[in-house]
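Summary of the model geometry
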Amino acid sequence: MNNSVEVKKLSFNYGKVEILKNLDLDIKDGEFMVLLGPSGCGKTTLLNCIAGLLDLDDGQIIIEGDNVTWKEPKDRHIGMVFQSYALYPSMSVEKNLSFGLRMSNTPKNIISEKIDKASELLQIKELLHRKPSQLSGGQRQRVAIGRALVRDAKVFLFDEPLSNLDAKLRAELRYEIKKLHRDLGNTMIYVTHDQIEAMTLADRIAVMKNGLIQQLDSPKEIYNKPSNLFVADFIGSPSMNFFTGKFISSSNSFSLNNALINLNNYEFDNKPSDQNDIIFGIRPEDISVSDSQDGMEFKIELIEPMGADTLIWLSFENIPFSVRLEGSSEYKLGDVIIINFDIKRASIFDQKSELRL
Amino acid sequence: MISNTIEARGPRPKHLSIGRIGMYCFIVMCALFFLMPLYVMLVTSFKDMDEIRSGNLLYIPKSLSFYAWPKAWGEACTGFVCEGLKPGLVNSLKITIPSVIVSVSLGAINGYALAFWRFKGAYFFFGLCLFGAFIPYQVMVYPLLKIESALGIYSSLPGIILVHTIFGMPILTLIFRNFYASLPIDLFKAARIDGGNFLKIFFYVIIPMSTPITIVAVILQVTGIWNDFLLGLIFAGRDNQPMTVQLNNIVQVDYGVAEYNVDMAATILTSMIPLAVYFVSGRWFVRGIAAGAIKG
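Residues numbered from 1 in each chain as written. Chains lettered and ligands numbered in written order. Predicted model: local features only at pLDDT ≥ 70, side-chain atom pairs only at ≥ 80, totals over all residues.

Within chain A, the regular secondary structure consists of eight helices and 21 strands. Principal-axis analysis of the C-alpha atoms places the extent of chain A at approximately 75 × 45 × 40 Å. Relative to its full complement of 357 residues, chain A shows a buried share of 38%. Within chain A, contacts between residues at least 6 apart in sequence are counted, and of these 66% link residues at least 24 apart. (Helix = DSSP H or I, 4+ residues; strand = E, 2+ residues; numbered from the N terminus. Buried ≥ 20, exposed ≤ 12 C-beta atoms within 10 Å, placed from the backbone. Contact = placed C-beta atoms within 7 Å.)

Below, the discussion takes up the sheet that holds strand 20 (residues 336-341) of chain A. All names here are of chain A. The three strands lie next to each other as 15-20-16, forming an open sheet whose pairing is antiparallel. Here the strands that pair on one side only, and so sit at the sheet edges, are strand 15 (287-289) and strand 16 (296-299). In this sheet, adjacent strand axes meet at a mean angle of 45° when their direction is disregarded. (Pairing = 2+ DSSP bridges. Axes fitted to C-alpha atoms, helices over the stretch in contact; angles between N-to-C directions.)

For the rest of this paragraph, the subject is unusual backbone geometry. Residues and elements named next belong to chain A. Along the chain, Ser-237 connects to Pro-238 via a cis peptide bond; the corresponding omega equals -5°. Tracing the chain through its elements places Pro-238 in the loop between helix 8 (229-234) and strand 11 (241-248). A positive phi angle, close to 70°, is found at Tyr-85, a residue other than glycine. Structurally, the position occupied by Tyr-85 is in the loop between strand 6 (78-81) and helix 2 (93-103). Take Tyr-85: there are 25 C-beta atoms within 10 Å of it, and that puts it in the buried class. Of note in the backbone geometry, Glu-160 takes a positive phi value of approximately 40° without being a glycine. Take Glu-160: it is sitting in the loop between strand 7 (155-159) and helix 5 (167-184).

Right, let's talk about the sheet that holds strand 21 (residues 347-350) of chain A for a bit. Residue and element names in this part refer to chain A. The five strands lie next to each other as 13-12-11-14-21, forming an open sheet whose pairing is antiparallel. A strand with exactly one partner marks an edge of an open sheet, and here the two such strands are strand 13 (259-262) and strand 21. Neighbour-to-neighbour, the strand axes of the sheet open up by a mean angle of 40°, direction not taken into account. For strand 11 and strand 12 (residues 253-256), the ladder comprises three bridges, and the chain directions are antiparallel. Directly across from Lys-246, in strand 12, lies its bridge partner Ser-255.

This paragraph deals with the domain arrangement of chain B. All names here are of chain B. Looking at the assigned domains, one finds that chain B contains domain 1 (18-65) and domain 2 (86-289). Taking only C-alpha atoms, the centre of domain 1 and the centre of domain 2 are 33 Å apart. Between domain 1 and domain 2, the residue contacts involve seven residues of the former and seven residues of the latter. No other element matches helix 1 (residues 18-45), which puts three residues into the side of domain 1 that touches domain 2. (Domains from an automatic or database assignment.)

Residue and element names in this part refer to chain B. Here chain B averages 87 in pLDDT, and 94% of its residues register 70 or above. For chain B, helix 14 (residues 272-289) is the element with the lowest average pLDDT, namely 78, and helix 4 (residues 86-116) is the one with the highest, namely 94. Note on residues 292-296: pLDDT is under 50 here. Beyond four places in sequence and across chains, it has six contacts. Our summary of model confidence lists the complex with pTM equal to 0.82 and ipTM equal to 0.84. (pLDDT = per-residue confidence, 0-100.)

Listed by partner, the interface residues are 19 residues for chain A and 15 residues for chain B. The set of elements that each furnish at least two residues to the side of chain A that touches chain B consists of strand 6 and helix 2 of chain A. Residue classes in the side of chain A that touches chain B are distributed as 12 nonpolar, six polar and one charged. (Nonpolar A, V, L, I, M, F, W, Y, C, P; charged D, E, K, R; others polar.)

Next up on the list: helix 9 (residues 198-206) of chain B. Residue and element names in this part refer to chain B. Within helix 9 the residues assigned to the buried category are Ile-201, Val-205 and Ile-206. Buried residues of helix 9 fall within an arc of 70° about the axis and therefore sit on the same side. Exposed and facing more than 90 degrees away from the buried side of helix 9 are Leu-199 and Phe-203. Looking at the buried residues of helix 9, the elements they touch are helix 4, helix 7 (157-181) and helix 8 (185-193). (Arc of directions from axis to C-beta.)

Let us look at the domain arrangement of chain A. All names here are of chain A. Its domain assignment divides chain A into domain 1 (3-234) and domain 2 (241-350). Taking only C-alpha atoms, the centre of domain 1 and the centre of domain 2 are 39 Å apart. Listed by partner, the interface residues are five residues for domain 1 and five residues for domain 2. When its residues are assigned to classes, the side of domain 1 that touches domain 2 shows three nonpolar, two polar and no charged.

Before going further, it helps to spend a moment on the nonpolar core. Of all hydrophobic cores here, the largest spans 129 residues; its most connected members are Leu-35, Ile-50, Leu-157 and Ile-189 of chain A. The element best represented in this core is helix 7 of chain B, accounting for 10 residues. (Core = buried A, V, L, I, M, F, W, Y, C linked by C-beta atoms within 7 Å.)

Residue and element names in this part refer to chain A. If you trace the backbone, Glu-18 turns up in strand 2 (residues 17-28). Of the residues examined, Glu-18 has 15 C-beta atoms within 10 Å and is grouped as partly exposed. Separated by 14 residues in sequence, Glu-18 and Phe-32 place their C-alpha atoms 27 Å apart. The residues contacting Glu-18, other than those within four sequence positions of it, are Asn-13 and Gly-211.

Below, the structure is given as structure tokens:
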């Protein structure tokens, strides 16, 4: 498969602060790529660089085989959707949609044809003559997406498009964007700090921190095998439980104070040596309550019902950790339960380098 | 415990406190104080000279005299010509209208460029503009005069328009830049992706959103240029003397009697345009000043 967008050795500084450092990223044709990270990690900057809204300090941007590093945004075959919608407030929806086409002197009949098609697809036909101020947030974002659609963009760029919407609308539009990608098959680059959006939408996720890509992989791989402590902590809600302790090579186990957890079922990429400081991480859903007597005994300290699931909090050598149970489970505060860790699904990191072992 | 107070419910009862009464009194007194000169001007302009000489400045006129107004408008002598303020009004309009249009347009483009197209040295340029806003313009009168005579437009209509445009530039650039800086930058980015260039984005996207700040700028410039005396006197030339200069010539008589009623009428006539502008657009002025909240 060909690459649709290639970012080569990109550096971007804001004053003396390095935002992006020597970054490489290849995005395949028709791929849905999500750039995920906390605020300030450089993901929006990267998107703006791809769009041509910022000048690079070094590196190249190649879109559809065309080196666009020095090209104007309008010549990059892109459409962009912004968090703040960025609809022109003085123009009707129709004029908003057609603005780009009118700027490039497209004939009227072609404009109306394209608007027809886009507004049909996004179900905004009845809104065409309204002003943006008369639309709801969800409708505004649909129009903003439509603006990218009518331009026949090869690559769609989304800059946190759903962050200003309430939870229900967000889920609705997330579904629509996914459907749009399925139907159009365009390359899409989507910036978000919301891991649910990233997990649900992406073909691949690039998790970013401090201007560097921490891990670039499918959502499944990122969730199940985070390559470092940051990714493990950032992805997943409720987040992964971590315990810091030592590796005992004689018994192939993790030790925290006097407690031992056997690691025979864990597949090490790099086996640590004896007495190394390691971090043992396990997701709340990979801990199960056992019916039999083998396992560790804990007292329930806190219960957080979340509807579909219930989160219960226990503590292991004074470190609180959570266990995800079905919403129907009926435990009470102070109950004593026996649990098992699913070691196969755990993640173990070196404490110094914070890399996966 | 027995209590005869009413159970609290609904809106809190409002009290007229002493502090509040004091505040109202203060506000009313301030208003009266500032309106006093206007009152004196108005009543004096409707008195005849005998009554004025009797010295009761604050009294309302015993009999209404309409002698002063037509004289101020069409007959009072400004120097050697005795045509009243009429030609001055025309001159002032000829100076003010083009000056306002040119300076506000340039200020808007400047502000737009500074807010959105962050070219190299933009901050330095903006700093210079700010600095320019604080320099008293009397300092620059002589150099400007030399420049204009070298250009051959000294003492002409284009000359005075250029001067007003130059002196309006710092403050206009400042207010337009600050207004545009408060607009969401994403709008500008979207317009660039949609293929707008510098001027297209300005005309199609930015100008339609600029109504409130443009009104502020126009009011500022209309009143400033209309009320200007010094620049008009120096740069406009004999044929284009604005109303303020002619008013001064009416009031400053070296011989004959000082006709205070005519002076007052002439003063009111001269200040009519800025007053009208404020009355018509005061609402917009406040709204524009408070702008920044104007989005989407």
